[in-house]
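Geometric and topological summary
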Amino acid sequence: MKRLKGLFLSILFLSTIVYADSKNELLFYVGITMVKPVKELAKNFEEVNNCTIKILQGGSQDLYDSAKSSQVGDLYLPGSSSYRDKFIKEGLLLDGKFVGYNKLSLVVKKGNPKNVKASLEELTNENLNVVLGNEQSGSVGLASKKVLTKFGLYEKAVSNAIFLVPDSRNLINAIKNGNADLILNWHATTFWDNNKDIVEAIVLDDESSQKSKLVFNLLSSSQNKELSRKFMDYASSAEGREVFKKYGFLDDEDIKNFDKVVF
């Protein structure tokens, strides 16, 4: 695991070198689950502002480690605002802008062939092949640990899991590859075009869904803070909100109360 993480960080670091000398290029570190809405917004933003946006995607912790190590890049969007809370004192993260929510759902193969119920206790069912996220590498694993610990299920669920994976994409792949009957993943992943015909979400109650705020963070390493802040404003605008809603990160009630959110 440590070797793989080191390789991942090295690749990200090398990828940022090209960026370093370009004032018209922005570099975003984006958790895998949020890549699709950010790409759509980035495309629109590039056309209007005559710039290029490069997006590096991965687990939230790995992305932060890469941004911190390289000291290159403009914006960081992890899968939970807990990463902002955890690292704000280090000085890399500056302004923040709320754009939506991640929430957990149980995810199964389309049609729910194993008749999984809307309960976190299903993750401890020994008759199911369960796969969970690793809390050391990504936001979904961290959120899973928090909510399962809250209900006294974490140790039993981890013991029942056939293996752990680093991020939301690998969780979905466990279903697609036939390795898993059940995963605990970010709800929005079930909206993706390449997933929605293969998997389905079993929606949990609010207490069990570990609803997490999504916050764009301006990086102190940014060489174009004005343009970066402009993108953050665009992402949280009425147009940006509709894009995040389209991909499952906001609903009508969330949009109604959007401007009241504090992080």
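Structure: above.
Residues numbered from 1 in each chain as written. Predicted model: local features only at pLDDT ≥ 70, side-chain atom pairs only at ≥ 80, totals over all residues. Heavy atoms only, no water.

One recurring pattern in soluble globular proteins: nonpolar side chains tend to sit buried together. Among the nonpolar cores identified, the biggest contains 33 residues, and Phe28, Val38, Ile53, Phe216 and Phe231 are the most heavily contacted of them. For this core, the elements supplying multiple residues, two or more each, are strand E1 (25-31), helix H2 (35-49), strand E2 (52-58), strand E3 (75-77), strand E4 (93-102), strand E10 (212-219), helix H8 (225-235) and helix H9 (238-246). Apart from residues no more than four positions distant in its own chain, Phe28 is found in contact with Val38, Ile53, Lys54, Ile55, Leu56, Asp74, Leu75 and Phe231. If you look at the next biggest cluster of nonpolar residues, it comprises 32 residues, including Leu120, Ile175, Val199 and Leu204. (Core = buried A, V, L, I, M, F, W, Y, C linked by side-chain atoms within 4.5 Å. Buried < 20%, exposed > 50% of the residue type's maximum accessible area, 1.4 Å probe, protein only. Helix = DSSP H or I, 4+ residues; strand = E, 2+ residues; numbered from the N terminus. Contact = heavy atoms within 4.5 Å.)

Taken together, Lys36, Lys39, Arg169 and Lys176 make up a surface patch of like positive charges. With respect to the secondary-structure elements, Arg169 resides in helix H7 (residues 168-176). Here Arg169 falls in the partly exposed class, since its relative accessible area comes to 36%. (Patch = residues over 30% accessible without salt bridge, like charges linked within 9 Å, V, L, I, M, F, W, Y side chains within 5 Å. Areas by Shrake-Rupley, 256 points an atom, 1.4 Å probe, with all protein chains shown as cover. Salt bridge = Lys/Arg side-chain N within 4 Å of Asp/Glu carboxyl O. Lys, Arg positive; Asp, Glu negative; His and termini not counted. Charge placed at Lys NZ, Arg CZ, Asp CG, Glu CD.)

Attention now goes to the environment of Gly100. Inspection of the secondary structure puts Gly100 in strand E4. What makes Gly100 buried here is its relative accessible area of 0%. In sequence terms Gly100 and Lys213 are 113 residues apart; their C-alpha atoms lie 6.1 Å from each other. With near-sequence residues (within four places) excluded, Gly100 lies in contact with Ser212, Lys213, Leu214, Phe249, Leu250 and Phe258.

For E10, the buried fraction is high: seven of the eight residues fall into the buried class. Of the pairings in the sheet, the one linking E3 to E10 comprises two bridges and is antiparallel in character. Across the sheet, residue Tyr76 finds its bridge partner in E10, namely Asn217. Pairing of E4 with E10 involves seven bridges; the strand directions are antiparallel. Bridge pairing in E10 links Gly96 to Asn217. (Pairing = 2+ DSSP bridges.)

We now examine the side chain of Arg84. Within the secondary structure layout, Arg84 lies in helix H4 (residues 82-87). The charged side chain of Arg84 is buried without a salt bridge, its nearest counter-charge being Asp85 at 5.9 Å.

Right, let's talk about the packing of H2 against H9 for a bit. Where H2 meets H9, the closest approach of the two axes is 9 Å, and the angle between their N-to-C directions is 145°. As H2 packs across H9, the resulting crossing turns out to be right-handed. Where H2 abuts H9, its residues Pro37, Val38, Glu40, Leu41 and Asn44 lie against Glu239, Gly240, Val243, Phe244 and Lys246. Of the residues contributing to the contact of H2 with H9, the split by class is five nonpolar, two polar and three charged. (Axes fitted to C-alpha atoms, helices over the stretch in contact; angles between N-to-C directions. Left-handed = near helix turned anticlockwise from the far one by under 90°. Nonpolar A, V, L, I, M, F, W, Y, C, P; charged D, E, K, R; others polar.)

What follows covers the sheet that holds E3. Read across the open sheet, the five strands follow the order E2-E1-E3-E10-E4; overall the sheet is mixed. Every other strand in the sheet has two partners, leaving E2 and E4 as the edge strands with one partner each. Averaged over all neighbouring strand pairs, the angle between strand axes comes to 20°, with direction disregarded. Pairing between E1 and E2: seven bridges, direction parallel. The residue of E2 that forms the bridge with Leu26 is Ile53.

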